[in-house]
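Structural characterization, general
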Amino acid sequence: MTNTPADPSRPLTVLICDDNADIRERLTELIGREPGLRVIGWAGDGDEVIAKARELQPDVITLDLSMQGRNGLDALPDVVRAAPTAKTIVVSAYASPTVVKEAMRRGAAGYIAKGTTMVAELLLLIGSPCSIAAGSV
Amino acid sequence: MSQRERAALAPLAWGRARRRAGVVPRPVAGQVKRAMAAQNPSSRLRVLVANQRPHRLALLSRVIEGLGHQIVAQEVVVEAVGPDTARVRPDVALVGLGADPAHAHELISAIVREAFCPVIALIPDYDADWIEEAARRGIFAYIVDARPEEIQSAIDIALGRFVEYATLKGAFEQRDLALQEQLGLLRTRQRLLVEVQDGILQQLTTVTLGLQLGQLAEPLAATGRAIELAKSIVTQTIDDLLVSGSTLDEILDGSSFER
């Protein structure tokens, strides 16, 4: 399953939600290296990502779960409602099967555990040609 | 079965029946103290008597008064016995089996719902099914074909057991309270642990993303192993929290850490 914009020449737009600013910056830079992707917004908690999703209507949303304020799992259904055409992908440190199952039940299109291959996995899920091969580093 | 054995049902059956009904009242120190005082054979007890047959009720009341106790309520109808029990708060209640066995059961239920005292059933003949149902509804003892001295003996036994039961129940409640406190501390500790471990993962993730930008393969692989180790710890801890009753939301947003 890929997210294809109506205009194939238009890059897929990405909204990144993580309460860690360092992770947001690095993800932005790595995703920005992909020719078919463009990061158009950032959010630091559940409420902010809902507002940004509604405003920007991105093609892809990366959503952290553990955040101060409203957590990602709680916000997930509202994120999906705010941007129904977007593919919302959870990017979390929590790899517990219970958490993964609950996130998928609440509308996540994919689940990636934070780690060395997370960007490669993210690109695969987004459907972008992957410049960082999983497991190559 | 001896008179005394017949006179007393197992206190545990009484407790189970009341717990199943979900109406176990909290033992109140004053009430237990009063029940303990009532154990003294010379004590004048406040007794509630109930029977569907008025003439049997009057007879029983005379017997009880003849034993030196005070009748605080005489009940015939089910609708009145509950409110009256709550109002007079007897030391002991005696329920006689009238014409309709079900009516006596209803009387027992109504008294047990409102009273913190032993309820004793008086029956003309041994009837296992009726006694079983009465025990389920909360009687503490029963007497078959009672004579006055047997009634006094049954009251003494029932009150003694009732005090033992109340004391034991209080001890169990204290133990449950201590266990709940320990569980609360354990949950707090585990949630703090998740917070710290999550911080480690976030830091390692930051490092690994930076390394990817610099294409430094070896440090990245080492970081990856560290993340996998830390991840397994977090996963295990979350599962432990879920098992112990925390919700995912409590774990994820950290709101419960400050409680």
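Everything here concerns the structure above.
Residues numbered from 1 in each chain as written. Chains lettered and ligands numbered in written order. Predicted model: local features only at pLDDT ≥ 70, side-chain atom pairs only at ≥ 80, totals over all residues. Heavy atoms only, no water.

Turning to the overall build of chain A, a few remarks are in order. Counting secondary structure elements, chain A contains five helices and five strands. Starting at the N terminus and walking to the C terminus, you meet the elements of chain A as β-α-β-α-β-α-β-α-β-α. Residue burial in chain A is summarised as follows: out of 137 residues, 52% are buried. Taking contacts inside chain A between residues at least 6 apart in sequence as the whole, the part at least 24 apart equals 62%. Of the accessible surface of chain A, which amounts to about 5,700 Å², a share of 52% is contributed by carbon and sulfur atoms. (Helix = DSSP H or I, 4+ residues; strand = E, 2+ residues; numbered from the N terminus. Buried < 20%, exposed > 50% of the residue type's maximum accessible area, 1.4 Å probe, protein only. Contact = heavy atoms within 4.5 Å. Areas by Shrake-Rupley, 256 points an atom, 1.4 Å probe, with all protein chains shown as cover.)

This part covers the sheet that holds strand β5 (residues 141-144) of chain B. Residues and elements named next belong to chain B. The sheet built from five strands is open, its strands ordered β2-β1-β3-β4-β5 with parallel pairing. Either end of the sheet is taken by a strand with one partner, and the two such strands are β2 (70-75) and β5. Adjacent strand axes in the sheet meet at a mean angle of 20 degrees, parallel and antiparallel pairs treated alike. As defined by bridge partners, strand β1 (residues 46-50) adjoins β2 across five bridges and the pair is classed as parallel. Counted as the bridge partner of L48 is A73 from β2. Helix-sheet contacts for helix α6 (residues 101-114) involve β1, β3 (92-96) and β4 (119-123), and the interaxial angle to β3 is about 165 degrees. (Pairing = 2+ DSSP bridges. Axes fitted to C-alpha atoms, helices over the stretch in contact; angles between N-to-C directions.)

Residues and elements named next belong to chain A. Within the open sheet, the five strands sit side by side as β2-β1-β3-β4-β5. Their pairing is parallel. Where the open sheet ends on each side, the last strands, each with one partner, are β2 (37-43) and β5 (110-113). Ignoring strand direction, the axes of neighbouring strands in this sheet form an average angle of 25 degrees. Of the strand pairs in this sheet, strand β3 (residues 60-63) and strand β4 (residues 87-92) are connected by four bridges, and their pairing is parallel. Bridge pairing in β4 links T62 to I89. Of the strands in this sheet, β3 and β4 touch helix α3 (residues 72-82), which is tilted by about 170 degrees from β4.

The grouping of D125(B), D127(B), D129(B), E132(B) and D145(B) at the surface amounts to a negative patch. With respect to the helices and strands, D145(B) occurs in the loop between β5 and α8 (148-214). (Patch = residues over 30% accessible without salt bridge, like charges linked within 9 Å, V, L, I, M, F, W, Y side chains within 5 Å. Salt bridge = Lys/Arg side-chain N within 4 Å of Asp/Glu carboxyl O. Lys, Arg positive; Asp, Glu negative; His and termini not counted. Charge placed at Lys NZ, Arg CZ, Asp CG, Glu CD.)

In this complex, chain B contributes 28 residues to the contact, which on the side of chain A involves 34 residues. When chain B packs against chain A, close to 2,600 Å² is buried across both sides, 62% of that on carbon and sulfur atoms. Among the residues of chain B in contact with chain A, L209(B), L213(B) and L252(B) are the three that bury the most area, contributing 25% of the side total. Our count for the contact surface shared by chain B and chain A stands at one salt bridge. When the shortest N-O distance is used, the salt bridge between D249(B) and R106(A) registers 4.0 Å. Scanning the region where chain B abuts chain A turns up two residue pairs in polar contact (both at pLDDT 80 or more). Every element with two or more residues in the side of chain B that touches chain A is listed here: α8, α9 (217-243) and α10 (248-253) of chain B. When residues of the side of chain B that touches chain A are assigned to their parent elements, the largest contribution, twelve residues, is made by α8(B). (Buried area = accessible area lost by both parts, 1.4 Å probe. Polar contact = N/O pair within 3.5 Å; in protein donor to acceptor, adjacent residues only side chain to side chain.)

What follows covers the pairing of β4(B). Residue and element names in this part refer to chain B. The buried fraction of β4 is high, at five of five residues. Neither face of β4 is left uncovered, since the one carrying V119, A121 and I123 and the one carrying I120 and L122 both have all their residues buried. Pairing between β3 and β4: four bridges, direction parallel. Bridge pairing in β4 links A93 to V119. The parallel pair β3 and β4, bridged by α6, forms a crossover whose chirality is right-handed. (Right-handed = clockwise from strand over helix to strand, strands pointing away.)

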